[in-house]
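Breakdown of the fold
Each chain is listed here by its residues.
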Amino acid sequence: MSEKIMTKLPKQFEEYVNSKLENGKKGRKHLVNQLGSMEKVLELLADAWIEQLDPKAICKKYAIGYYQFYRFLKDVEQYKEQIIAYINYIEEVKPKNFRSYAIVQEWEAKIRRSGHLSQLNHIRTLERICQGKIIKSFRCSPNKFDLQKAQEFVDKYLKEYNVKKLPRHLRMAIRHFLMVARNINIPRGYGSLYGLSGEKDNFGIYRYVRFTDEQIEEIREYLKNKNDLEALTFFDWGIESLARASTIAKTRMLDFQQEDGIVTIAMYETKTDRSFQKFLLLNIPHAKETWEEIKELGKNREYLFFDKKPTKSMIKKFLQKLSPRLKEAYRYANVQHEYAYKKPFHVLRHAGAHLWLMRSNYDYGLVAEMGWEDINTLRQVYGGMPKEILRRKISQIQGE
């Protein structure tokens, strides 16, 4: 019987559960009614009969009494093999839509309540993990995906791809699901023991990436000679604004304000879900020229780079066309660092961080206010203090 594929639950069992769900509305609640759905009932039975979890652990997990649990198992014992076969069919042979699982829906709701919508990408990543699209030999229902299953996946991945570490996007998706959806705590510093370290693979290795003053002028010269006002403006506004590419692309002309030789604008970053004030100091030649370019390109436009409010698709196409033009300018200026060609837009945020830090004598607190959630991220990821600057600042102290 256990080898038979069950595509449906026993009719008598369904009737039993449904009757308890309905009758439980009056008087003392039955265990089934406390669970609230057929899905939760099957989850409990899977824990008891398939996972063979400790009864006390099950009672704690579902907030039910031990004798309630014991009586319920006795009531449905006659359907045990059929129910096990059905659960195995649903979870292994014919998995249902990943996002229809209650645990996934609750996970998504928590992410949305947090406001960090970029973390929704973790759901798609875990879906690919659970459905065997990354490791064919590994499939798992999200209801069963716990720390033990996570380690099983990690071990299979490391062996199949012959690597030392799981890619970061996979590690972060698994960590987030375990900690947020399953409430399984991974103590800080212990993630590596499970192959689930939360550290960035390249954390801080690009903090010294910047353009020299000469390179900035050569890049600008190249774009001017090409009569490419669009790319020139994007480049100059990029390093002045410290904004991400999609945010730069959505610059709205009416949002600019000019007063006392300073141009200001508030720009919203979707990644951090907050706005940052940006500044153009018109007594600085580069900032003044950038403002003139913005006014010329954005004349009679609602948005700097578009005639109307751009959609995601419009921004994507715009950036795809802009990327090779910036890379050509970087080559002309003999920019050597591969990051400029790997990330031709984000390198402007790095270059801008150093530009503003130089202007402010490396006042990390001030510059962080213009584009970062905290000083440490700016210092450790974008604007590492070069040795010559550190030496100069030390020398200044010595001379006081």
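Residues numbered from 1 in each chain as written. Predicted model: local features only at pLDDT ≥ 70, side-chain atom pairs only at ≥ 80, totals over all residues. Heavy atoms only, no water.

1. Quick notes on the overall build of the protein
Basically, it comes down to this: Only DSSP runs of H or I covering at least 4 residues are called helices, and only runs of E covering at least 2 are called strands; the numbering of each starts at the N terminus. What the globule rule says is 2.2 Å times the number of residues to the power 0.38, and the radius of gyration is computed from C-alpha atoms. Only protein chains enter the accessibility calculation, which uses a 1.4 Å probe; a residue whose area is less than 20% of its type maximum is buried, one above 50% is exposed, and one in between is partly exposed. We call two residues in contact whenever any of their non-hydrogen atoms come within 4.5 Å of each other. All accessibility values rest on the Shrake-Rupley procedure with a 1.4 Å probe; residue burial counts only the protein chains present in the view. Counting rule for charge: Lys and Arg are taken as positive, Asp and Glu as negative, and neither His nor the chain ends is counted. To locate a charge, take atom NZ for lysine, CZ for arginine, CG for aspartate or CD for glutamate.
Each helix and strand counted, the protein has 20 helices and three strands in total. The globule rule puts the C-alpha radius of gyration for 400 residues at 21 Å, and the 29 Å found for the protein is more than 25% above it. The principal-axis extent of the C-alpha atoms belonging to the protein is close to 85 × 50 × 40 Å. In the protein, which comprises 400 residues, the share counted as buried stands at 44%. Counting only contacts in the protein whose residues sit at least 6 apart along the sequence, the fraction spanning at least 24 positions is 61%. Surface accessibility of the protein: about 22600 Å² in total, with carbon and sulfur atoms responsible for 48%. Within the protein, the 51 negative side-chain charges are centred at a point lying 5 Å from the centre of the 71 positive side-chain charges.

2. Remarks on a nonpolar patch on the surface
For the record, the criterion: Candidate patch residues must exceed 30% relative accessible area and have no salt bridge, after which like charges are joined if within 9 Å and Val, Leu, Ile, Met, Phe, Trp or Tyr side chains if within 5 Å. What makes a salt bridge here is a side-chain nitrogen of Lys or Arg within 4 Å of a carboxyl oxygen of Asp or Glu, nothing more.
A cluster of nonpolar side chains, namely Y66, Y67 and Y70, defines an oily patch on the protein surface of about 390 Å² accessible area. Relative to the helices and strands, Y67 is located in helix α5 (residues 66-76). By relative accessible area, which is 61% here, Y67 ends up exposed.

3. A few points about the environment of L166
Along the chain, L166 falls in the loop between α9 (147-161) and α10 (168-181). Taking the C-alpha atoms as reference, L166 lies 42 Å from N33; in sequence the two are 133 residues apart. Leaving out residues up to four positions away in the same chain, L166 has contacts with F153, V154, Y157, L158, R171, I174, G195 and L196.

4. Structural notes on the packing of helix α11 (residues 213-225) against helix α12 (residues 229-241)
For clarity, the threshold we go by: Only the stretch in contact is used when a helix axis is fitted, and all axes are lines through C-alpha atoms; the angle between N-to-C directions ranges over 0 to 180 degrees. Orientation labels follow simple angle bins: below 35 degrees gives roughly parallel, above 145 gives roughly antiparallel, 65 to 115 gives roughly perpendicular, and whatever is left gives oblique. Here the term charged refers only to Asp, Glu, Lys and Arg, the term nonpolar to Ala, Val, Leu, Ile, Met, Phe, Trp, Tyr, Cys and Pro, and the term polar to all other amino acids, Gly among them.
For the pair α11 and α12, interaxial distance at closest approach is 9 Å and the crossing angle is 155 degrees. In this view, α11 runs roughly antiparallel relative to α12, as classed from their interaxial angle. In this structure, α11 uses I216, I219, R220, L223 and K224 to contact α12, whose residues at the interface are A231, L232, F235, D236 and I239. Here the residues of the contact of α11 with α12 are counted per class, giving seven nonpolar, no polar and three charged.

5. Details of the environment of T272
Mapping T272 onto the fold places it in the loop between β2 (262-269) and β3 (274-281). Judged by its relative accessible area of 12%, T272 is buried. Along the sequence, T272 and F318 sit 46 residues apart, while their C-alpha atoms lie 23 Å from each other.

6. Points about the pairing of β3
Regular strands show a simple pattern: their side chains alternate between the two faces of the sheet. Operational definition: For two strands to be treated as a pair, DSSP must find at least two bridges joining them.
Bridging between β2 and β3 involves eight bridges; their strand directions are antiparallel. From the neighbouring strand, I262 faces β3, where its bridge partner is L281. Remark: four residues form the turn of the hairpin made by β2 and β3, two consecutive strands paired antiparallel; D273 in that turn has positive phi of roughly 55 degrees.

7. Notes on the packing of aromatic side chains
What counts is decided by this rule: A pair of aromatic rings is counted whenever rings of Phe, Tyr or Trp (Trp by its six-membered ring) have centres within 6.5 Å, and the orientation is called stacked for planes under 30 degrees apart, edge-to-face for over 60 and tilted otherwise. By definition, being over a ring means that NZ of Lys or CZ of Arg is both within 6 Å of the ring centre and within 35 degrees of the ring normal.
Using the criterion set out here, one finds 23 aromatic pairs in the structure. Both rings, one in F145 and one in F177, keep their centres 6.0 Å apart while their planes meet at 70 degrees; by these two values the pair is edge-to-face. Separated by 32 residues along the polypeptide, F145 in the loop between α8 (121-130) and α9 and F177 in helix α10 bring together distant segments of the chain. Note on accessibility: F145 and F177 belong to one class, buried. Linked through ring pairs, W107, F138, F145, F153, Y157, Y161 and F177 together constitute an aromatic cluster. The positively charged end of R359 is found above the aromatic ring belonging to W356, 4.8 Å away from the centroid. When the ring centre of Y364 is taken as origin, the NZ or CZ atom of R379, which lies over that ring, is 4.2 Å away.

8. Observations concerning a negative patch on the surface
On the surface, a cluster of negative charge is made up of D213, E214, E218 and E221. As for its placement among the helices and strands, E214 is situated in helix α11. For E214, a relative accessible area of 53% gives the class exposed.

9. Remarks on the side chain of E240
Here E240 lies in helix α12. Those residues in contact with E240 that sit more than four places away from it in its chain are F279, L280, H286, A287, T290, L355, W356 and R359.

10. Remarks on the nonpolar core
A general tendency of soluble globular proteins is for nonpolar side chains to be buried together. Our working definition: Only buried Ala, Val, Leu, Ile, Met, Phe, Trp, Tyr and Cys residues count toward a nonpolar core, and they belong to the same one when joined by side-chain atoms within 4.5 Å.
With 48 residues, the main nonpolar core has F211, F234, F235 and Y330 as its most contacted residues. Counting residues per element, the ones that place at least two in this core are α11, α12, α13 (245-249), β2, α14 (285-297), α15 (312-332), α16 (339-342) and α17 (346-359). Ranked by the residues each element gives to this core, the list is headed by α15, at seven residues. F211 has contacts with I216, I219, F235, Y330, V335, V347, L348 and A351, leaving out every residue within four places of it along the chain. Counting residues in each nonpolar core, the second largest holds 29 residues, with F98, I134, I135 and F138 among its members.

11. A closer look at the packing of helix α3 (residues 38-50) against helix α4 (residues 55-62)
Worth spelling out the cut-off: For a crossing to be left-handed, the near helix must be turned anticlockwise from the far one by less than a right angle; the clockwise case is right-handed.
Following both chains from N to C, one finds α3 and α4 inclined at 160 degrees, their axes separated by 10 Å at the closest point. Considering their axes alone, α3 and α4 lie roughly antiparallel with respect to each other. In the packing of α3 onto α4, the handedness of the crossing is right-handed. The segment α3 lies against α4, with K40, E43, L44, D47 and A48 engaging I58, K61 and Y62. Here the contact of α3 with α4 is composed, by residue class, of four nonpolar, no polar and four charged.

12. Structural notes on the sheet that holds β2
Read across the open sheet, the three strands follow the order β1-β2-β3; overall the sheet is antiparallel. If you trace the sheet from one side to the other, it starts and ends with β1 (257-259) and β3, each paired once. For this sheet the average axis-to-axis angle between neighbouring strands, irrespective of direction, equals 25 degrees. Against the sheet, α12 makes contact with β2 and β3, and its axis sits at roughly 110 degrees relative to β3, the strand it touches most.

Everything listed is a geometric property; what it means functionally is a separate question.
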